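# Chains, contacts and geometry: an overview
This is what each chain is made of:
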Amino acid sequence: MPHTFDEHIRQRLEALPEEPFHSEDVWNRIERPSRPSRRRWLVPLGVGTAAVLGILVGYLLHQPTTEVTKTTPLLSKAPDSSSSVRIPSVNDSVFVQPNVVRSEKQVPLLASAPVEPVLVTDSSLRAMPAVAIQPTPIPEPVPRAHPAEAETFEATVTLTIPETQTVPLRKKSILARLFRADKRPDTRLRWQDFQAPTSVGKVKTDSIKHTH
Amino acid sequence: MTLSALLDRCRAQDAKAQRLLYERYAGRLFRVAQRYMKDRMEAEDRLVSTFQKIFVHLKKMEYKDEASTWLWMKRILVNECLMELRRSANFTMVPEQEAAEQSFDYNIIDEIAAETIHTLIAELPIGYRTVFNLVALEGYSHAEVAEQLQISEGTSKSQLNKARQLLQKKLQTLGYAAHIR
């Protein structure tokens, strides 16, 4: 014997009108069984579109906001917070401008000019904070042993490159940037946390030899 | 055209007659499929496989009357839905104690739209929904349900009672809201 509740529900549902659906699509699939279901292409199409959009948005978001050009002073640019900058070793970071051969009169002018240290990073030129390297002292001319000998200068350069060779910076993934899922506190050093250490020692540079 | 004549033409592989039969029953069958499958596209998939089977097995079907033809087609559809549910869902339901009957005002059912009742059934958990559809709406016995879903009769009974309780609770909430309005 049917339950009273069930009977009431059944009577109400029998009165329901037919619900519209993709009748033509269903009939086409009944006629041609090989015809794929809408789901078969709708789902991959949706996933594919979402993936393409995700990659596109991620690519756009991942673009650095500053560009270093030849005309832009490097020191005015802070490194992009999302990029990992490798601070090279002392030997690599010594900036030696090729073919710098200057007369004695030009030396004071050179010494007073602002030093713009350029560090070579993984893929492009990056600037260090201005405090990283002290201005180079005035090179002193070395007395010639013989009048025909080439003019020589010597200078002591104090480098303040930190001992740490690689400073991993906070790098958010594209997905984390998109969905703000990167909730874990990042304890790694960031540029804001970076402080120029005190002088770690003195390095005597090779003298620049002037040949006539 | 009478249904008997239409079925004869369908048996003779008349494409137009098959289309007519489809248009006559597809809407109602889709409603039934939606009660089981919930997802519209899954319900459409079951409709496709049901009509393919109907056209294949029509030769063996003996026509009695319109009601029995409808029940025959509905039975094929329900079997198709159950096959899919068994394939995709876990029917290893744990037997629960039979729930005690609770008092329920049946007038509430008349106050709520049939479409809403249909939605409430579709929103039931899959086990409750399937057993409720089979026993309460299709008239299957608990023994048949137990065999179809490979569960015990006790489980079928408890699932049905739980389904009724949950549905009554939802209907009462809606009916109470309707009274306030």
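Residues numbered from 1 in each chain as written. Chains lettered and ligands numbered in written order. Predicted model: local features only at pLDDT ≥ 70, side-chain atom pairs only at ≥ 80, totals over all residues. Heavy atoms only, no water.

An unreviewed UniProt entry lists chain B under the name RNA polymerase subunit sigma-70, from Siphonobacter curvatus. Recorded under Sequence similarities (unreviewed entry), the UniProt text for chain B is reproduced unchanged: "Belongs to the sigma-70 factor family. ECF subfamily." (UniProt positions renumbered as here; feature names shortened; annotations may be inferred.)

The helix and strand tally for chain A stands at 6 helices and 9 strands. In chain A, buried positions account for 25% of the 212 residues. For chain A, long-range pairs separated by at least 24 residues make up 66% of all intrachain contacts whose partners lie at least 6 apart in sequence. As presented, chain A carries roughly 15300 Å² of accessible surface, and 58% of it is formed by carbon and sulfur atoms. (Helix = DSSP H or I, 4+ residues; strand = E, 2+ residues; numbered from the N terminus. Buried < 20%, exposed > 50% of the residue type's maximum accessible area, 1.4 Å probe, protein only. Contact = heavy atoms within 4.5 Å. Areas by Shrake-Rupley, 256 points an atom, 1.4 Å probe, with all protein chains shown as cover.)

When helices and strands are tallied, chain B shows 9 helices and 0 strands. Taken from N to C terminus, the helices and strands of chain B fall in the order α-α-α-α-α-α-α-α-α. Of the contacts formed within chain B by residues at least 6 apart in sequence, a portion of 72% connects residues at least 24 apart.

The interface of chain B with chain A comprises 45 residues on the first partner and 28 residues on the second. Each partner contributes to the roughly 3300 Å² buried at the junction of chain B and chain A, and carbon and sulfur atoms together form 60% of this total. Linking chain B with chain A are 3 salt bridges. Here A:Arg29 ties to B:Asp45 by a salt bridge, and the two come within 2.6 Å at their closest N and O atoms. At the surface where chain B touches chain A, the tally comes to 11 residue pairs in polar contact (both at pLDDT 80 or more). Put simply, the parts of the chain that give the side of chain B that touches chain A at least two residues each are helix 2 (15–37), helix 3 (40–57), helix 5 (107–111), helix 6 (114–122), helix 7 (126–137) and helix 9 (153–180) of chain B. Of all the elements, helix 2 of chain B adds the most residues to the side of chain B that touches chain A, at 12 residues. Class assignment for the residues of the side of chain B that touches chain A results in 22 nonpolar, 7 polar and 16 charged. (Buried area = accessible area lost by both parts, 1.4 Å probe. Salt bridge = Lys/Arg side-chain N within 4 Å of Asp/Glu carboxyl O. Polar contact = N/O pair within 3.5 Å; in protein donor to acceptor, adjacent residues only side chain to side chain. Nonpolar A, V, L, I, M, F, W, Y, C, P; charged D, E, K, R; others polar.)

Residue and element names in this part refer to chain A. A surface patch of nonpolar side chains, amounting to about 470 Å² of accessible area, comprises Trp41, Leu42, Val43, Leu45 and Val47. Here valine 47 shows up in helix 3 (residues 38–61). Overall, the relative accessible area of 55% leaves valine 47 in the exposed class. (Patch = residues over 30% accessible without salt bridge, like charges linked within 9 Å, V, L, I, M, F, W, Y side chains within 5 Å.)

All names here are of chain B. Residue placement: serine 49 occurs in helix 3. Judged by relative accessible area, serine 49 falls into the buried class, the value being 15%. At 3.0 Å, the side chain of serine 49 forms a polar contact with the backbone oxygen of arginine 46.

With that settled, the discussion passes to helix 2 of chain B. The end-to-end C-alpha separation of helix 2 of chain B is 28 Å, well short of the 33 Å expected for 23 residues at 1.5 Å each. Looking one or two residues beyond helix 2 of chain B, the residue adopting positive phi is B:Lys38, at roughly 70 degrees. (Expected span 1.5 Å × (residues − 1).)

This part is about the packing of helix 2 of chain B against helix 3 of chain B. Residues and elements named next belong to chain B. Look at helix 2 against helix 3: their axes get within 9 Å of each other, and the N-to-C directions meet at 135 degrees. Comparing the axis directions of helix 2 and helix 3 gives the class oblique. Every pair of crossing elements has a handedness; the one defined by helix 2 and helix 3 is right-handed. Here helix 2 contributes Gln18, Leu21, Tyr22, Tyr25, Ala26, Leu29, Phe30, Ala33, Gln34 and Met37 to the contact with helix 3, which in turn contributes Arg40, Glu42, Ala43, Glu44, Arg46, Leu47, Phe51, Ile54 and Phe55. (Axes fitted to C-alpha atoms, helices over the stretch in contact; angles between N-to-C directions. Parallel < 35°, antiparallel > 145°, perpendicular 65-115°, else oblique. Left-handed = near helix turned anticlockwise from the far one by under 90°.)

Judged by nonpolar contacts, the single largest core of 63 residues is most densely connected at A:Ile9, B:Phe51, B:Phe132 and B:Leu171. Residue contributions to this core peak at 11 residues, all from helix 2 of chain B. Setting aside residues no more than four positions away along its own chain, B:Phe132 makes contact with A:Phe5, A:Asp6, A:Ile9, B:Ile121, B:Leu137, B:Leu160, B:Ala163, B:Arg164 and B:Leu167. (Core = buried A, V, L, I, M, F, W, Y, C linked by side-chain atoms within 4.5 Å.)

Our focus in this paragraph is the packing of helix 2 of chain B against helix 7 of chain B. All names here are of chain B. Running from N to C, helix 2 and helix 7 cross one another at 140 degrees; their axes reach a closest spacing of 8 Å. Taken as axis vectors, helix 2 and helix 7 run oblique relative to one another. Across the interface between the two elements, Arg35, Tyr36 and Met37 of helix 2 pack against Arg129, Thr130, Asn133, Leu134 and Leu137 of helix 7. Here the residues of the contact of helix 2 with helix 7 are counted per class, giving 4 nonpolar, 2 polar and 2 charged.

Attention now moves to unusual backbone geometry. Residue and element names in this part refer to chain B. Backbone geometry places glutamine 13, a non-glycine residue, at a positive phi of 60 degrees. Tracing the sequence through the fold places glutamine 13 in the loop between helix 1 (3–11) and helix 2. Although it is not a glycine, glutamine 150 adopts a positive phi angle of roughly 55 degrees. Residue placement: glutamine 150 occurs in the loop between helix 8 (142–149) and helix 9. For glutamine 150, a relative accessible area of 69% gives the class exposed.

This next bit is on helix 8 of chain B. All names here are of chain B. The complete set of buried residues in helix 8 reads His142, Val145, Ala146 and Leu149. Buried residues along helix 8 cover an arc of 100 degrees about the axis, so they all sit on one side. Count one or two residues on from helix 8 and you reach glutamine 150, which has phi positive near 55 degrees. (Arc of directions from axis to C-beta.)

The subject of this paragraph is the packing of aromatic side chains. One pass over the structure, following the stated rule, counts 7 aromatic pairs over all chains. Aromatic pair A:Trp27 and B:Phe55: ring centres 6.3 Å apart, planes at 90 degrees, arrangement edge-to-face. Placement of A:Trp27 in helix 2 (residues 23–31) and of B:Phe55 in helix 3 is noted, with the two residues assigned to different chains. Ring centres of B:Tyr25 and B:Trp70 lie 6.1 Å apart, and the angle between their planes is 15 degrees; on these two criteria the pair is classed as stacked. Placement of B:Tyr25 in helix 2 and of B:Trp70 in helix 4 (residues 66–88) is noted, with a sequence separation of 45 residues between them. As far as burial versus exposure is concerned, B:Tyr25 and B:Trp70 are alike and both buried. The structure contains a cluster of three or more aromatic residues connected by ring pairs, namely A:Trp27, B:Tyr22, B:Phe51 and B:Phe55. Sitting over the face of the ring of B:Trp70, B:Arg28 holds its NZ or CZ atom 4.1 Å from the ring centroid. Its end group placed over the ring of B:Tyr140, B:Arg75 keeps NZ or CZ at 4.4 Å from the ring centre. (Phe/Tyr/Trp six-rings, centres within 6.5 Å; stacked < 30°, edge-to-face > 60°. Lys NZ or Arg CZ within 6 Å of the ring centre and 35° of its normal.)

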